[in-house]
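Topology and contacts: notes
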Amino acid sequence: MLKFFVIFIILIGCSSVPKKEPVLSLTPDSYKDIAFPEFEYVAPYPKDYRIAISDSITIYAVRDTALPLIDLTFYFRENATPKNKEEAAILQMLSALYSRGGTESLSPAQVDDSLEFLSARLGGNIGDTQSKIHLNCLSRDLDKVLPLLSELFNKPGLDSNRLELQKSFAIQSYKHRYDQPSSQAAALSAKILYKDNSKLWRADSASIANVKREDLLAVKDDFFVPRRVIIAAAGDFNTDSLVNALAKLFANWKEQVSVRGDFPLLEFNEPAGIFVSEKDISQANIIMAAPFVKRPHPDYYQAAIANYILGGSSFSSRLVNTIRTQHGLAYSIFSFAKSDYEDTATLGIVLQTKAESAKDALQIIREEVLKLGAEGPSAEELDFAKKSLIESMPGMFENAKETANIFAVSELNGRSFEHYREYPEKIKAVTAEQVKAMAEKYFNIDAFKIGIVGPSEKMMLENAKLIPVEELDF
C-alpha cells in the first residue's frame, strides 16, 4: 500500500511542474544596438538664487544642509593691472599681504590663531579684472569670521616682517620660474603671441626686493572696493539671516578712493612662424597658438565643436588618434579654444614629443588640421561632439558651491539669465558646414605662432628663430 502511495505522490508532483517557456534574449548583438532615451537636462535658473543687496552688490545663495558649513566667494569687479613696471612688484606683494599681514589692530599671528581656533579659512587676491575674497567656516561661526574679514580687507596691517618673508618667497619663485619646461613653454608662447602689455608684466627679483611697506599703503585702498560685487554663497544658512549679515558687512565697508580705469587690451604680434627656446631636455614641449574671439561672439560654439573634434575630446579626437595612436609620437596632445569675455582669447594645440620627432609631429598636425578645414567632420563626429558637450552640463552644477560660483562668474561676464537654458539648443543647431568653416577660419595652420622648448640641434627645424630664455620676460 505504501508503495502505491509513493508512486501516486510522484505522479501528482510531475504533473504539477509547469512547462518551461523558451527564454527570449534581451541582449543586443552589439553595444551599438543599445538604445538609450534622449538625454534631457534642465539647468538651474540663476534668478531662483539671485538676491540684490543693493544696486552694486548681488548674492547668489544656494543652500546645502548636508554639512554645517558656509562657503562664500566675493568677486570685486576692478582693474588691477600695474600702472608701471615698479608697481607690478608692489601689487604682487599687496595681493599676498592682505590676508597674511594682519590688521591695524591684530598681528598676523593673532589673525592666524583666530582662524585656526574657529577652523576657518580666509584669503584673497587681486587680479587683472577682478579681486576675490574666499571664506569657509562653520555656519555657527559666520558672525565671528565676517568682522575679521572686514578688518583684513578694509584695514590691512601689511606687517613688515610678513612682507620680507613674502618677498623672499617671491624672489625664489622668480629665480626658478623656468625650471619646468611647461613654464618656459608658456612664457615663450606669450612672448611670441603678444606685444608688450602691462597685463603681462612680471616683477623681477630686483623690483621685488625694492618693495617697501609704504608702497603697499599707498595703493591698498584702490582694491576690494564695492563698486561692483557679486557674492557666491553655498552651504547651511538661513537665507534672510545671511543677506542681513552681508548687508551689515558692506554698510561699514571702505569707500572708493580712486578709479584705476579700464585695463589695456592685448595686441598680437605678426607674423607667424616657429620659435625655439633652448633647454637641455630630451623632449620638445610645443605650444601652437593663434588669436581667437572675445565673447560673446557668434562663432564661439561652432568653433568650440571644431576644437572638440580636432583635439579637445581626449581619446576620441583626431589629433590623439593620429599623433598618439597611429604614429606613437606623443603621450599627450590636445587642442584648446579658450573662452574670454574680457579680451581676445586664443586657440591652439599643445603636445610633448621626442625632440627628434618634433618635425614629423608638426607635419602630421598640419595635415590633420587642413583636412578638417577642407572636408569638415563626419556625421558621427559631429553627433558625438554635440552629445558630449550637452551631457557634460550637469557637472557644471555638481554641488551648491559650484552652482553659486558659476552663476556669480556668469553675471560678472555679462551673460543673460537664460544662458544655460539656451546652451543645449545652440549646440544642437551647429551644422557640419559651420564646423568646417570654423576649422578653416580659426585653426589656420599658417597663422599659428609655434613655440618650442627643447634642444634645437635635435629638432632640426628649418627657419626656426631662437629666443634666449633671458628674453622671455616682458
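Everything numeric in this text was worked out from a predicted model, so none of it was measured.

Quick notes on the rules
- Residues numbered from 1 in each chain as written.
- Predicted model: local features only at pLDDT ≥ 70, side-chain atom pairs only at ≥ 80, totals over all residues.
- Heavy atoms only, no water.
- Helix = DSSP H or I, 4+ residues; strand = E, 2+ residues; numbered from the N terminus.
- Rg over C-alpha atoms; globule rule 2.2 N^0.38 Å.
- Buried < 20%, exposed > 50% of the residue type's maximum accessible area, 1.4 Å probe, protein only.
- Contact = heavy atoms within 4.5 Å.
- Areas by Shrake-Rupley, 256 points an atom, 1.4 Å probe, with all protein chains shown as cover.
- Lys, Arg positive; Asp, Glu negative; His and termini not counted.
- Charge placed at Lys NZ, Arg CZ, Asp CG, Glu CD.
- Pairing = 2+ DSSP bridges.
- Axes fitted to C-alpha atoms, helices over the stretch in contact; angles between N-to-C directions.
- Salt bridge = Lys/Arg side-chain N within 4 Å of Asp/Glu carboxyl O.
- Core = buried A, V, L, I, M, F, W, Y, C linked by side-chain atoms within 4.5 Å.
- pLDDT = per-residue confidence, 0-100.

1. As for the overall build of the protein chain
Helix and strand counts for the protein chain stand at 18 helices and twelve strands. What you see for the protein chain is a C-alpha radius of gyration of 29 Å, clearly larger than the 23 Å of a compact globule of 474 residues, by over 25%. Along the first, second and third principal axes, the C-alpha set of the protein chain runs to 115 × 65 × 45 Å. Taken across its 474 residues, the protein chain has 48% of its residues classed as buried. By sequence separation, contacts in the protein chain at least 24 residues apart represent 84% of the contacts at least 6 residues apart. Surface exposure of the protein chain reaches about 25,000 Å², of which carbon and sulfur atoms provide 53%. Once the 54 positive and 64 negative side-chain charges of the protein chain are each reduced to a mean point, those two points are 2 Å apart.

2. Observations concerning the sheet that holds strand β3 (residues 69–77)
Strands pair in a sheet through their backbones, by hydrogen bonds, and they do so in one of two ways: parallel or antiparallel. Spatially, six strands are ordered β1-β2-β6-β3-β5-β4 in an open sheet, and the strand pairing comes out mixed. Two strands lie at the open edges of the sheet, namely β1 (50–52) and β4 (121–126), each paired on one side alone. Strand after strand, the sheet turns through a mean of 15° between neighbouring axes, direction not considered. Bridge analysis of strand β2 (residues 57–63) against strand β6 (residues 229–235) gives seven bridges, and the strand direction is parallel. Each bridged residue has a counterpart across the sheet, and for V62 the counterpart in β6 is A234. The strands touched by helix α15 (residues 400–412) are β1, β2, β3, β5 (130–138) and β6; relative to β6, the strand with the most contacts, the crossing angle is about 170°.

3. As for the pattern of salt bridges
Inspection of every chain in the model, using the stated rule, returns 17 salt bridges. Across the pair D383 and K387 runs a salt bridge whose closest N-O atoms are separated by 3.5 Å. With a gap of four residues between them, D383 and K387 both fall in helix α13 (residues 379–391), about one helical turn apart. Through salt bridges with shared partners, one network takes in R50, R228 and E411.

4. Structural notes on the sheet that holds strand β7 (residues 273–278)
With respect to topology, six strands assemble into an open sheet ordered β9-β10-β8-β11-β7-β12, the strand pairing being mixed. In this open sheet, the two edge strands, each paired with only one partner strand, are β9 (330–337) and β12 (465–466). Pairing geometry for β9 and strand β10 (residues 346–354), over six bridges, is antiparallel. Residue pairing across strands places I333 opposite L351, the latter belonging to β10. Sitting on the sheet, helix α12 (residues 358–375) touches β7, β8 (283–291), β9, β10 and β11 (449–454), and the angle it makes with β10 is about 145°.

5. Topic: the nonpolar core
Counting 69 residues, the largest nonpolar core has I286, M288, F292, I305, I349, I365 and I452 as the members making the most contacts within it. Considering each element in turn, this core owes the most residues, nine residues, to helix α10 (residues 300–312). Other than its neighbours up to four places away in sequence, I286 contacts I349, V350, L351, T353, A358, L362, I450, G451 and I452. Grouped together as the second largest cluster of nonpolar side chains are 53 residues, I57, Y98, L158 and I231 included.

6. A look at the confidence of the model for the protein chain
Residues with a pLDDT of 70 or more make up 94% of the protein chain, whose mean pLDDT is 92. The low-confidence segment residues 1–18 (pLDDT under 50) makes zero contacts with residues lying over four places distant or belonging to another chain.

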